[in-house]
Amino acid sequence: MQSKEDILDQLYELVRPFSKQPIELGAETGLINEMGLDSVKVMELMTQIEDHFDISIPLNILPRVETLGDFAEQLQQLLQDS
Amino acid sequence: MTSLFDKFLPLEKTRAELVAGSGVDPFHVVVERVVSATEAMINGRKVIMAGTNNYLGLTFDPECIDAACTAIREEGTGTTGSRMANGSYAAHVALENELAAFYNCPAAIVFSTGYIANLAILSTLAGPEDVILLDADCHASIYDGTRLGSAQVIRFQHNNPADLEKRLKRLGDRAGNTLVVVEGIYSMLGDRAPLREIADVKNRFGASLLVDEAHSLGVLGEHGRGLAEALDVEDEVDFITGTFSKSLGSIGGYCVSHLPELEYVRYAMRPYIFTASSSPSLIASTRKALEILHHSSALRKKLWDNATQLYQGLAATGFELGPEISPVIAVRLPASVGETTALWNELLSQGIYVNLVLPPATPGGKPLLRCSLSAAHSQTQINAILDAFALIRDKLQSYA
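Cut-offs applied
- Position numbers for residues start from 1 in each chain and track the written sequence from start to end.
- Here every chain gets a letter starting at A, and every ligand a number starting at 1, in the order they are written.
- The predicted nature of this model means local features are confined to residues of pLDDT at least 70 and side-chain atom pairs, given and counted, to a pLDDT of 80 or more, with totals for whole chains, interfaces and linings taken over all residues.
- Water and hydrogen atoms were dropped before computing side-chain values, which therefore reflect all heavy atoms in the structure.
- Note on definitions: a residue-residue contact is assigned when non-hydrogen atoms from the two residues lie within 4.5 Å.
- Accessible surface is computed with a 1.4 Å probe, and the buried area is the amount of it that two parts give up when combined, taken over both parts together.
- Salt bridges, as used here, are contacts in which a Lys or Arg side-chain nitrogen is within 4 Å of a carboxyl oxygen on Asp or Glu.
- All amino acids are sorted into three groups, where Ala, Val, Leu, Ile, Met, Phe, Trp, Tyr, Cys and Pro are nonpolar, Asp, Glu, Lys and Arg are charged, and the leftover types, Gly among them, are polar.
- Two strands form a pair only when DSSP identifies at least two bridges running between them.
- Only DSSP runs of H or I covering at least 4 residues are called helices, and only runs of E covering at least 2 are called strands; the numbering of each starts at the N terminus.
- Buried means the residue's accessible area, taken with a 1.4 Å probe over protein chains only, is under 20% of the maximum for its type, while exposed means over 50%, and partly exposed covers the values in between.
- In this analysis, axes come from line fits to C-alpha atoms, helices being fitted only over the stretch in contact, and the angle between any two N-to-C directions falls in the range 0 to 180 degrees.
- We call two N or O atoms a polar contact when they sit within 3.5 Å, provided that within protein one can donate a hydrogen and the other can accept it, with sequence-adjacent residues counted only if both atoms are side-chain atoms.

Student: I'm lost on the interface of chain A and chain B in this one. Help?
Tutor: Interface size is commonly expressed as the accessible area that is lost once the parts come together. Each partner contributes to the interface: chain A provides 14 residues, whereas chain B provides 13 residues. Taken together, both faces of the contact between chain A and chain B bury some 1,200 Å²; the carbon and sulfur share is 50%. Area buried by chain A at its contact with chain B is led by A:Met43, A:Ser56 and A:Leu59, which between them contribute 39% of it. If you look at where chain A meets chain B, you find 4 salt bridges. Linking A:Asp54 and B:Arg170 is a salt bridge whose minimum nitrogen-to-oxygen distance equals 2.9 Å. By residue class, the composition of the side of chain A that touches chain B is 7 nonpolar, 4 polar and 3 charged.

Below is the structure:
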């Protein structure tokens, strides 16, 4: 099972091209507030993450995701369940 | 001290900026007087309505109007009750039977609006152990229905059967408990689902398929039943939802299924139970409109002639449009929200009303002007719409 840190490292690489300006990415980085992603960009990012991990991300988990750390936790659970 | 209204301040600021720039609030247009199925008075002038969903122009059909008037006189202005209480009149049941017969199905349920139909079916049919796989471009009513329910909800790329297949494969055994949801004609770009391919994928994985034919009822198919009929896959579609507020010219919604078990769901759907049923006049005009829709292919032909003419004319003028000819014609503009709003206002000042659609409601995140045709539009009106768009093309070029 992948650790949350492993998943976070992979997330940083996937997410970096989507950030409007170069920022230091960390577990507390906010997707909307700090990275400035709009809903269209979030969808595009989700598609890339889904293909990378070969999972489908249910829309139901999105309200629980504010930061990259939150995202990594949810992905870890999805990977465990798949 | 914070207020409940603080979270709406950014939205109000955006709206105020839109209105300040143009003078007319594009999301609060008031139709002062309805002149016909295709014309209205807005801001004191007569305007061609090229942004309604009145595909067959039946809102002014004399027989539909007579039926509604007779029903008001005989049954009153409203039922004042839910379908489960005192709000199921003989006409409600008759309409369900007529919809079932129209679709050659054993089961049909009528709801108070099309939005409620999707809210009810999608929040109830799929439960906590089930999955809903919806096309990314599905209407808000479909998304809202899934949010109200307890199923796991996964999006697949718009009109992409390969992506649907990938996600069904990931679900493993759960594919059998999955409801795939698509639309016949998508409301923003007017494009159709690749329904044959989608039906083929869902069959291979043992999933179920629901098609929302809101914009395709009366528009596609030899008998006007929609995309499933047009592509001869009706036997492979498990549920169809639709609305009375477009081709049928009234308000209401429905779900039909070739599975008689649909009836089990009727008394489990809160949006069916806990709202007032449609008024007698709406049911009466809908029944008449359904009869006309079923037996008149002439209206469908006129609608498509109009749509083809407008689509080809706009394309020849140089506009980027949705991917296929459709009664819904999206004009995609390489302009900002403010510029598109100004162009929308310019069209209105030329006597043409279309829908202004802004992100995030638009596919691809760019603003668009959405035209929607009716069989009732005349040649003169189509020409006027084209002339107005030609004028704004010049303004658009000045923005570049």
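Student: I tried to follow the sheet that holds strand S1 (residues 33-34) of chain B on my own but got confused; where do I start?
Tutor: Strands belonging to one sheet form pairs held by backbone hydrogen bonds; the direction of such a pair is parallel or antiparallel. Strand order in this open sheet of 4 strands is S1-S2-S3-S13 (chain B), and the pairing throughout is mixed. Looking at which strands have only one partner, the edges of the open sheet turn out to be S1 and strand S13 (352-353) of chain B.

Student: Where do I start with unusual backbone geometry in this structure?
Tutor: A negative phi angle characterises most non-glycine residues, just as the trans form characterises most peptide bonds. Residue and element names in this part refer to chain B. Even without glycine at this site, threonine 80 takes up a positive phi of about 55°. Structurally, threonine 80 can be placed in the loop between helix H2 (62-75) and helix H3 (90-102). We note that asparagine 159 has phi near 55°; this positive angle belongs to a residue other than glycine. By the element assignment, asparagine 159 lies in the loop between strand S6 (152-156) and helix H6 (161-171). Residue asparagine 159 is classed as partly exposed on the basis of its relative accessible area, which comes to 22%.

Student: Any chance you could explain the sheet that holds strand S5 (residues 131-135) of chain B here in plain terms?
Tutor: Residue and element names in this part refer to chain B. A sheet is described by the order of its strands in space; here 7 strands give the open sequence S4-S10-S9-S8-S7-S5-S6, paired in mixed fashion. Because the sheet does not close on itself, it has two edges, and the strands there are strand S4 (107-111) and S6. The sheet shows a mean angle of 20° between the axes of neighbouring strands, direction not considered. Where S5 meets S6, 5 bridges bridge the pair, whose relative direction is parallel. When the sheet's bridge partners are listed, isoleucine 132 is paired in S6 with valine 153. Sitting on the sheet, H3 is in contact with S4 and strand S10 (253-257), with an inclination near 130° to S4. Each of S5, S6, strand S7 (178-183) and strand S8 (208-212) touches helix H5 (residues 140-148); the most contacted strand, S5, lies at about 165° to it.

Student: For this particular structure, what's the right way to read the pairing of strand S2 (residues 39-42) of chain B?
Tutor: Walk down a regular strand and you will see the side chains alternate between the two sheet faces. Residue and element names in this part refer to chain B. With 2 bridges joining them, S1 and S2 adopt antiparallel strand pairing. Its bridge partner lying in S2, arginine 33 is registered against methionine 41. The hairpin turn running from S1 into S2, its antiparallel successor, is 4 residues long. As judged from the 4 bridges shared by S2 and strand S3 (residues 45-49), these two strands associate in the antiparallel manner. Looking at the pairing, methionine 41 lines up with lysine 46 of S3. Counted between consecutive antiparallel strands, the loop separating S2 from S3 contains 2 residues, among which asparagine 43 sits at a positive phi close to 55°.

Student: Even after reading the chapter, I still don't get the environment of B:Gly218, so can you show me in this structure?
Tutor: Residue and element names in this part refer to chain B. Assignment of secondary structure puts glycine 218 in the loop between S8 and helix H8 (227-230). Since its relative accessible area comes to 0%, glycine 218 is described here as buried. Along the chain, glycine 218 and leucine 56 lie 162 residues apart, while their C-alpha atoms are 7.4 Å from each other. Those residues in contact with glycine 218 that sit more than four places away from it in its chain are Leu56, Gly224, Ser247, Leu293 and Arg300.

Student: Help me understand the side chain of B:Ser82 in this model?
Tutor: Residues and elements named next belong to chain B. If you trace the backbone, serine 82 turns up in the loop between H2 and H3. In this structure the side chain of serine 82 is engaged in a polar contact, spanning 2.7 Å, whose partner is the backbone oxygen of isoleucine 273. For serine 82, the residues in contact, after removing those within four places along its chain, are Gly87, Ser88, Tyr272, Ile273, Thr275, Ala276 and Ser277.

The values are spatial; any link to function lies outside them.
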